[in-house]
2 protein chains.
Amino acid sequence: MKRTTYAGLVNEDYLNQEVCLKGWVQKRRNLGNLIFIDLRDIEGIVQLVFSQEFSEDALKVAESLRSEYVIEVQGKVVLRNENAINPNMKTGKVEVEVKDVKVLNAAKTTPFDISDNTNASDETRLQYRYLDLRRPEMQRSLMIRNRITQSVHSYLDENHFLDIETPYLTRSTPEGARDYLVPSRVYPGHFYALPQSPQLFKQLLMGAGYDRYYQIARCFRDEDLRGDRQPEFTQIDIETSFMTAEEIREMTEGLLKRVMKDTLNIELTNPIPQITWQEAMDRFGSDKPDIRFGMELKDLSEVVNGIGFKVFDSTLENGGQVKSITVPGGAESYSRKGIEEKQEYIKRFGAKGLAWVKVTEEGLTGPIAKFLTAKTDEILAATDAKAGDLILFVADKSKVVADSLGYLRVAIAKEQNMINKDEFAFVWVVDWPLFEYSEEFERFIAAHHPFTMPNEEDIELLTTNPHKAHAQSYDIVLNGYELGGGSIRIHRRDIQEKMFQALGFTKEKAEEQFGWFMEALDYGFPPHGGLALGLDRFAMLLAKKDNIREVIAFPKNSKASEPLTKAPSTVSQKQLEELYLNTEIPEDK
Amino acid sequence: MKRTTYAGLVNEDYLNQEVCLKGWVQKRRNLGNLIFIDLRDIEGIVQLVFSQEFSEDALKVAESLRSEYVIEVQGKVVLRNENAINPNMKTGKVEVEVKDVKVLNAAKTTPFDISDNTNASDETRLQYRYLDLRRPEMQRSLMIRNRITQSVHSYLDENHFLDIETPYLTRSTPEGARDYLVPSRVYPGHFYALPQSPQLFKQLLMGAGYDRYYQIARCFRDEDLRGDRQPEFTQIDIETSFMTAEEIREMTEGLLKRVMKDTLNIELTNPIPQITWQEAMDRFGSDKPDIRFGMELKDLSEVVNGIGFKVFDSTLENGGQVKSITVPGGAESYSRKGIEEKQEYIKRFGAKGLAWVKVTEEGLTGPIAKFLTAKTDEILAATDAKAGDLILFVADKSKVVADSLGYLRVAIAKEQNMINKDEFAFVWVVDWPLFEYSEEFERFIAAHHPFTMPNEEDIELLTTNPHKAHAQSYDIVLNGYELGGGSIRIHRRDIQEKMFQALGFTKEKAEEQFGWFMEALDYGFPPHGGLALGLDRFAMLLAKKDNIREVIAFPKNSKASEPLTKAPSTVSQKQLEELYLNTEIPEDK
């Protein structure tokens, strides 16, 4: 029979009607000569009642039903007894008196309960992902993700963006992260690469006159995994012609506003605040500041200059800085031991130590208080500290100071519950440096990518002092996560050539790798720019999860494998031969 | 300055207004002291006028402008002179008197003109795809594709389908076509495979209770290419739980109706006709019949039985059949030589010959007329032929007859302009055999795939006489193309096991390859089914193109390479080493 409605949608509108429902047995309770079954489907749960009074046959079947059996029932919707009403359920006022029941499929006992409170390990959850995905919180998360997707399509369609697909089998470009390769069967020894992003293709579409492009695109990076990284991830990829950075940000704000409204019914108050990269580093010690709370970094370099504390003095003499954060009420919350743990942690950023004082009604206390006491008033004024607060200092090169205090600011805010978890705080970070120094490569690399346009007035710096140049680029940050970023791109060959030169490319290397793209710039390429938003991260934040695996139906585990299907796997010799490949496995693997 | 509107949208609404436009120089005409420029953008073309009267500076710049320069202009919209009005242009009543012009980028002479009439080769078009994509017909095609995509999202969202992404890095399953492989860096000697379709993942989502899933999914098959095949293609992938095949077809019809309306403003008259696979083969000689025209196959086996024509007689004695098509007016259109060319062509289907008669007012003529004359009336009745028609006969095994006449029917209809190219004729082909014999593998294989549910009454045939079983499957055919197909799937382990057995899998092999999936069926898997539509093909048909390359922004060529970026390419030794791979290239490659 055809389903009348979803189990989770049965309510008083169906009173005294015969309905047909289909779904899963969530649980069964035998109450003497009555059997109650919670029937679950994608919309929720409704209570079924089996009794001799309604159908002896159905009652008999009900006795055999176990959790996760799939059943079809027909019955009458009735009001529950007054004392059985459950105000926490959408369907809590009604129940269904079952006249007919059919088992559509049986179920073995599941390895873990289908409920939000699961203690199954991550690995078990992935191995039985089809069961894990039945849990209401997973369904809610994937529904939020779907709602974001739908919202993006409808907003961008209304705004005349064209959804255009770009290839997944592309050419390997050794710049940037490691590519996933796909051996070619037609061209022995040749490989496609899976795209790290559709960057050059979307720029080509602008060159082709498409004016406004978008795509919800899968991207691939063969890098070691972290909590919010997966081998494949999804990007809301946007590119436009003839728009300024400001116009692109406005358009994006419209999109974000729509998504927040459609997804969580939250009205974003525009405009989204905008701070420069430098200000973000100065105030928050981070290029992706979480602005839901204060505890900003304060520069004490001038105040503490010459106070006689050797660590501070020598740092300042060597061109470093002394900065602090003030932990409200931290004097009590943090013991010396607690602070030492923090000090231990920030060594990974290169910090040599963490100085601190506590503020009391009587003044400053703690190991270095004696050096600071003379300047108590100035310090309290500069740090906004008051009695009961803890002031943490880091003295070092600006990057170490920013990384250390930026980390501490967030870690302490979490520990001290200073963050309103219902708040969604977006912020634009603008005016980025064009280049950043890479410790890994021991040279300057593009802070975003080599196609980013410098500020108009910095174009000439490309040939004179490139590392001083700033870019027409912008990141959108949400609650301390980089949600996305973009830029105005280079549309002129001469600037693109200078950019590659500044990145250390020889003319030949630039030509070999990107000659085909620079040729395109010769044929009437329009000014253009865009951005990309991380869909996984966006969904994770809106679903209030802390790992993108929670908003991906079939993610990889932390070792890039998929425990359900057991991918990757070995393949047949024939498959390798067709691709002209040999595997060469070292003995220790 | 900010763009006021698109060039292609300037009309009388803007009369006497100052506008700012940005776009490409389509062409320039110098008329004495006037210069006319057609300015092109994504919306179309508008005429710009430069004159000393409006701005001497602008006129000077205009003299330097060449085709495909990117410019920004400001000027006043005015009515054209009566005699200069172009009724074929949306903007044909107006022109823009330019006061200011700025060159945003210059352009070299393009290797071919940016116009619909291009004589550039396919390879040149792909190499300069960013120029090819500027041509209005390419832009129109990609816009149609975008419109289909948008239409699908909005219809399925309204109908409570969830867009859920499934992995692109999956496990290789040697059943079916050849997989593209992706070597793993973490697991030496192991490979991911790019999915040929999200089949098992979408079924798992049904097992996970998601009820209605869809995804516009990229699929990958490493097969030799044909006109409507690409290494990667896109599928509108749909799956539902608890719905019958009939209900799924109804839902799909709603989708197709919406797409036709949104895309080409065509009202589809539901319901879409439905014929069985057997009827399609009998009447059209094809499982994807083009029903826009008649010329159906007629079975003459009984009529011609025993007439003394050896070819027919021996065919019928051996269990074959004699069938015909009637070409209206074909007596004149086809010479003996023309018919012999056709005969030559159908040899590839195994046909040994093509018999024919022409119908005149006096009766039948042609080489085999003497055998048929005695039965003229019966033959004319059976073939619906009249004077002036040509009747073509093929006598052979049913498959050869169907393939040959099915091909001739379509080829001749095209030659004779019997097809209304503005018609979109959908038809459902239902009740497919569950298995088909593969000449390549010399065994029966799944006609659709191994997860297709047999008809209820045929389930027992799986163990007794599997190749007689029919499936709960359906194809949707448009204008002779398989637009998509689907089925009710197997949701019970016992049936799935029998299916693998019928396909010749040992128990061990089935367990090794699909054990993980069959285990999922043990935990309360609901009845489910769905279908997939080929987006590339759909777009190709609605754009009235004859190759899917025309509706893909960056397709591969017929050798699976991409002439613009030159993918696939060689990669560095370091990349190969990280993947534990050696390439072994035979000397003749």
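What counts, and at which threshold
Residues numbered from 1 in each chain as written. Chains lettered and ligands numbered in written order. Predicted model: local features only at pLDDT ≥ 70, side-chain atom pairs only at ≥ 80, totals over all residues. Heavy atoms only, no water. Helix = DSSP H or I, 4+ residues; strand = E, 2+ residues; numbered from the N terminus. Contact = heavy atoms within 4.5 Å. Polar contact = N/O pair within 3.5 Å; in protein donor to acceptor, adjacent residues only side chain to side chain. Buried area = accessible area lost by both parts, 1.4 Å probe. Salt bridge = Lys/Arg side-chain N within 4 Å of Asp/Glu carboxyl O. Nonpolar A, V, L, I, M, F, W, Y, C, P; charged D, E, K, R; others polar. Pairing = 2+ DSSP bridges. Axes fitted to C-alpha atoms, helices over the stretch in contact; angles between N-to-C directions. Phe/Tyr/Trp six-rings, centres within 6.5 Å; stacked < 30°, edge-to-face > 60°. Buried < 20%, exposed > 50% of the residue type's maximum accessible area, 1.4 Å probe, protein only. Lys NZ or Arg CZ within 6 Å of the ring centre and 35° of its normal. Domains from an automatic or database assignment. UniProt positions renumbered as here; feature names shortened; annotations may be inferred. Expected span 1.5 Å × (residues − 1).

Q: Just to check I follow, could you spell out the environment of Ser286 of chain A for this structure?
A: Residue and element names in this part refer to chain A. Here Ser286 is to be found in the loop between α7 (277–284) and β12 (298–299). When sequence neighbours within four positions are dropped, the list of residues in contact with Ser286 reads Ala280 and Met281. Within the structure, Ser286 has its side chain in polar contact with the backbone nitrogen of Lys288 (distance 2.9 Å).

Q: What's the story with the interface of chain B and chain A in this structure? I'm lost.
A: By a widespread convention, an interface's size corresponds to the accessible area lost as its parts come together. Of the residues lining the interface, 125 residues belong to chain B; the matching set on chain A comes to 124 residues. Both faces considered, chain B and chain A share a buried interface measuring about 11200 Å² in area, 58% of it formed by carbon and sulfur atoms. It is Glu165, Phe242 and Tyr523 of chain B that lose the most area in chain B upon contact with chain A, and together they represent 7% of the buried surface on that side. Scanning the region where chain B abuts chain A turns up 16 salt bridges. Asp211 of chain B is the partner of Arg3 of chain A in a salt bridge, and the nearest nitrogen-oxygen pair spans 2.9 Å. With eleven residues, helix α4 (residues 136–158) of chain B is the largest single contributor of residues to the side of chain B that touches chain A. Tallied by class, residues from the side of chain B that touches chain A come to 62 nonpolar, 29 polar and 34 charged. In terms of strand pairing, strand β23 (residues 581–583) of chain A meets strand β23 (residues 581–583) of chain B through three bridges, oriented antiparallel.

Q: Hey, could you run me through the sheet that holds strand β5 (residues 94–105) of chain B in this one?
A: Two orientations exist for strands paired in a sheet by backbone hydrogen bonds: parallel and antiparallel. Residues and elements named next belong to chain B. Pairing is mixed around the closed barrel formed by five strands, whose spatial order is β1-β2-β3-β5-β4. For this sheet, the mean angle separating the axes of adjacent strands, direction not counted, is 55 degrees. The pairing of strand β4 (residues 70–79) with β5 spans ten bridges and is antiparallel. Looking at β5, one finds that Val73 is bridged to Val101.

Q: It is not clear to me how the packing of aromatic side chains should be interpreted in this structure. Could you clarify?
A: Here the distance between the centres and the angle between the planes together describe a pair of aromatic rings. Following the criterion strictly, the structure yields 51 aromatic pairs over all chains and no others. Pairing Trp428 of chain B with Tyr474 of chain B gives two aromatic rings, centres 6.0 Å apart and planes at 85 degrees, and the pair type is edge-to-face. Here Trp428 of chain B, found in strand β17 (residues 426–430), pairs with Tyr474 of chain B, found in strand β20 (residues 473–478); they are 46 residues apart in sequence, far enough to count as distant. Assigned by exposure class, Trp428 of chain B and Tyr474 of chain B land together as buried. Among the aromatic side chains, those forming a connected cluster through ring pairs are Phe451, Phe500, Phe505, Phe514, Trp516, Phe517 and Phe525 of chain A. Lying across the ring of Tyr168 of chain B, Arg218 of chain A places its NZ or CZ 4.1 Å from the centre. One cation-aromatic arrangement involves Arg348 of chain A over Tyr345 of chain A; the distance from NZ or CZ to the ring centre is 3.6 Å.

Q: Would you explain the domain arrangement of chain A in this entry?
A: Assigned domains within chain A: domain 1 (7–105), domain 2 (139–268 + 426–550) and domain 3 (293–416). The C-alpha-based centres of domain 1 of chain A and domain 3 of chain A are spaced at 62 Å.

Q: I would appreciate a short explanation of the UniProt feature "binding site: ATP" (unreviewed entry) in chain A in the present structure.
A: Residues and elements named next belong to chain A. Following the UniProt record, the feature "binding site: ATP" (unreviewed entry) maps to Arg221, Asp222, Glu223, Gln230, Glu482, Gly534, Leu535, Asp536 and Arg537 here. You can call Arg221 partly exposed: its relative accessible area is 34%. Excluding its chain neighbours within four sequence positions, the residues that come into contact with Arg221 are Ala177, Arg178, Tyr180, Gln196, Pro231 and Phe233. Not counting residues up to four positions away in its chain, the partners in contact with Arg537 are Asp228, Tyr481, Glu482, Leu483 and Ile548.

Q: Which parts of the structure should I look at to understand the sheet that holds strand β22 (residues 528–534) of chain A?
A: All names here are of chain A. With mixed pairing, eight strands are arranged side by side in an open sheet as β6-β9-β10-β22-β21-β20-β17-β11. Edge positions in the sheet fall to β6 (162–163) and β11 (274–276), since each of these pairs with one other strand and no more. Here β6 pairs with strand β9 (residues 212–220) via two bridges, running parallel. Note that in β9 the partner of Leu162 across the bridge is Tyr213. Contacting β9, β10 (232–241), β17 (426–430), β20 (473–478), β21 (481–488) and β22, helix α18 (residues 535–542) runs over the sheet at an angle of about 140 degrees to β21.

Q: How do you make sense of helix α14 (residues 398–415) of chain B when you look at a structure like this?
A: One full turn of an α-helix is made of 3.6 residues, so residues set three or four places apart face in the same direction. Residues and elements named next belong to chain B. Here α14 contains 18 residues, and its C-alpha end-to-end distance of 25 Å stays within 8% of the 26 Å for a straight helix at 1.5 Å per residue. Residues of α14 that are buried include every one of Val400, Val401, Ala402, Ser404, Leu405, Gly406, Leu408, Arg409, Ala411, Ile412 and Ala413, and no others. Buried residues belonging to α14 abut α7 (277–284), β13 (321–327), α11 (336–346) and β16 (390–396). Positive phi appears at Asn417, one or two residues downstream of α14, with a value of about 50 degrees.

Q: Explain the UniProt feature "binding site: L-aspartate" (unreviewed entry) in chain A to me, please; I cannot follow it from the model alone.
A: All names here are of chain A. With numbering matched to this structure, UniProt assigns "binding site: L-aspartate" (unreviewed entry) to Glu175, Arg221, His448 and Arg489. Inspection of the secondary structure assignment puts His448 in the loop between β19 (443–446) and α15 (461–464). Taking relative accessible area as the criterion, His448 reaches 27% and is therefore assigned partly exposed. Mapped onto the secondary structure, Arg489 falls in the loop between β21 and α16 (493–502). Taking relative accessible area as the criterion, Arg489 reaches 2% and is therefore assigned buried. Among all residues touching Arg489, those that are not within four sequence positions of it are Gln199, Lys202, Gln203, Ile238, Glu239, His449, Phe451, Met453, His528, Gly529, Gly530 and Leu531. In this structure the side chain of Arg489 is engaged in a polar contact, spanning 2.9 Å, whose partner is the side chain of Ser487.

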